[in-house]
Amino acid sequence: MSKLKIGLIGAGSISDLHLKAYRDNPEVELYAVSDLNEARAKAKAEAYGIANTRAFTNYQDLLALSELDAVSICTLNNTHAEVSIAALEAGKHVLIEKPLCQTVEEALRIEEAVRTSGRVLQVGFVRRHGSNTQILKKFIDAGDLGDIYYAKASCLRRFGNPGGWFADKKRSGGGPVIDLGVHIIDICWYLMGRPKVKSVSANTYHRLGNRSNVQHLSFYKTADYDASLNTVEDLANALIRFENGASLMLDVSFTLHAKSDELSVKLYGEKGGAELEPELLLVSEKYDTILNMSPQIDSRSFDAGVAFSREINHFVDSILGRTEPLSPVEDGVEIMKILCAIYESGEQGREIIFS
Ligand SMILES: NC(=O)c1ccc[n+]([C@@H]2O[C@H](COP(=O)([O-])OP(=O)(O)OC[C@H]3O[C@@H](n4cnc5c(N)ncnc54)[C@H](O)[C@@H]3O)[C@@H](O)[C@H]2O)c1
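Residues numbered from 1 in each chain as written. Predicted model: local features only at pLDDT ≥ 70, side-chain atom pairs only at ≥ 80, totals over all residues.

Chemist: Quick question: what am I supposed to make of the overall build of the chain here?
Modeler: Within the chain, the secondary structure is distributed over 10 helices and 15 strands. Its C-alpha atoms give the chain a radius of gyration of 20 Å, within 12% of the compact-globule value 20 Å for 355 residues. In terms of its C-alpha atoms, the chain occupies a principal-axis envelope of roughly 65 × 50 × 45 Å. Evaluated residue by residue, the chain yields a buried proportion of 47% over its 355 residues. Of all intrachain contacts in the chain linking residues separated by at least 6 positions in sequence, the fraction that spans at least 24 positions is 75%. (Helix = DSSP H or I, 4+ residues; strand = E, 2+ residues; numbered from the N terminus. Rg over C-alpha atoms; globule rule 2.2 N^0.38 Å. Buried ≥ 20, exposed ≤ 12 C-beta atoms within 10 Å, placed from the backbone. Contact = placed C-beta atoms within 7 Å.)

Below, the structure written as structure tokens:
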């Protein structure tokens, strides 16, 4: 059987995790790459053995390759809708990085394009593919936690606004809510059994700016970091209610006067509880005794390299019809509804109720 021909659009920071995973998949041929920045496109082509003639600056040229089967889209958030719809219309299967897009209206247009094209679209909710998530999911599916009625998640950076497009609301859609919150909201929602959202009450804060004055402490900066540009929130918190009575509480920040960074994801059910992050742990009660159980596994925290490989392999298996996408476009739409409601609630200072 001939190999699946894959193209990559957006050859920035995250693209290497996609490219490495494709390179390691024997059923795939890395075939084309596109980036607005020509040097970046050519450098990735060179590094991953893609013909120089198939390194494009205009992604439409890549999509025009009729022999190309599928694309990974790793561009800025404000291009996700346009590029993914164009790819679907060109008959390509799509793996789109998170967040699906910037607005619910865009999300619905992408959903429609998936339906009319009949192609596979997988949203890059990579944490679903982490070992700790997959292990916990087995316990949840077997009923060990019982009905999960509460989840709590935090992703707090004390000093970590990446700047560049991440700090420009027009291009990113927002700050830590859409960049970090998307991961922890999705992973809680997925493990809670994807309940329908009922309401969102949130607060968003623009109090500290990007703190470009701070010295002696390094952090990740985008290639186009500009200290004078920052239009995104620095902190948000939210209470999300679901139709089944369950709730999710979260907070996220790009910067905060916190002692240290914090990542925690916790789920509580009628029969047991679990911590997914910072390290997988199960809590239970047996014979009138409370137990904290630590799985003996290679990594109890999110194992990014392994998870990206699984995400890509799952995309390939979905294209080849061996499985259904674990994170279909419908899930991307639901998460966009929550993300947008957090911003709306924060701006309007009231609860957003879904009818
Ligand atoms: N899953 C994860 O954990 C994870 C982590 C980081 C980033 N991301 C997501 O990946 C995407 C990219 O993030 P990044 O950190 O790699 O950003 P980046 O700025 O490092 O790279 C983006 C690249 O896209 C290129 N680009 C922009 N518009 C383009 C277009 N129309 N055609 C071709 N190329 C274009 C830019 O020139 C740039 O090289 C974002 O949506 C981000 O949210 C996901």
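The rest of the description comes next.
Chemist: Would you mind showing me how to read the sheet that holds strand β3 (residues 55-56) here?
Modeler: What holds strands together in a sheet is hydrogen bonding between their backbones, with the strands either parallel or antiparallel. Ordered in space as β3-β2-β1-β4-β5-β6, the six strands form an open sheet in which the pairing is parallel. Only two strands of the sheet have a single partner each, and these edge strands are β3 and β6 (121-124). As paired strands, strand β4 (residues 70-73) and strand β5 (residues 93-97) are joined by four bridges and run parallel to one another. The residue bridging V71 from the neighbouring strand is V94, located in β5. Against the sheet, helix α9 (residues 304-319) touches β1 (4-9), β2 (28-34), β4, β5 and β6, its axis set at about 170° to β6. (Pairing = 2+ DSSP bridges. Axes fitted to C-alpha atoms, helices over the stretch in contact; angles between N-to-C directions.)

Chemist: Sorry, what's going on with the UniProt feature "domain: Gfo/Idh/MocA-like oxidoreductase N-terminal" (unreviewed entry) in the chain here?
Modeler: Feature annotation in UniProt assigns "domain: Gfo/Idh/MocA-like oxidoreductase N-terminal" (unreviewed entry) to the following positions: residues 4-125. End C-alpha atoms of residues 4-125 are separated by 22 Å, and the span's content is 39% helix alongside 23% strand. (UniProt positions renumbered as here; feature names shortened; annotations may be inferred.)

Chemist: It is not clear to me how the packing of helix α5 (residues 104-117) against helix α10 (residues 329-348) should be interpreted in this structure. Could you clarify?
Modeler: The packing of two helices is summarised by the inter-axis angle and the distance between the axes. Taken N-terminus to C-terminus, the directions of α5 and α10 make an angle of 175°; their axes are 9 Å apart at the nearest point. With respect to each other, α5 and α10 are oriented roughly antiparallel. Across from V104, A107, L108, I110, E111 and V114 in α5, the residues of α10 making contact are V329, E330, G332, V333, M336, K337 and C340. Residues belonging to the contact of α5 with α10 are distributed by class as follows: nine nonpolar, one polar and three charged. (Parallel < 35°, antiparallel > 145°, perpendicular 65-115°, else oblique. Nonpolar A, V, L, I, M, F, W, Y, C, P; charged D, E, K, R; others polar.)

Chemist: What is the right way to read the site of the ligand from this model?
Modeler: Near the ligand lie 24 residues; those nearest to it are G10, G12, S13, I14 and E97. When its residues are assigned to classes, the shell around the ligand shows nine nonpolar, 11 polar and four charged. (Near = placed C-beta within 6 Å.)

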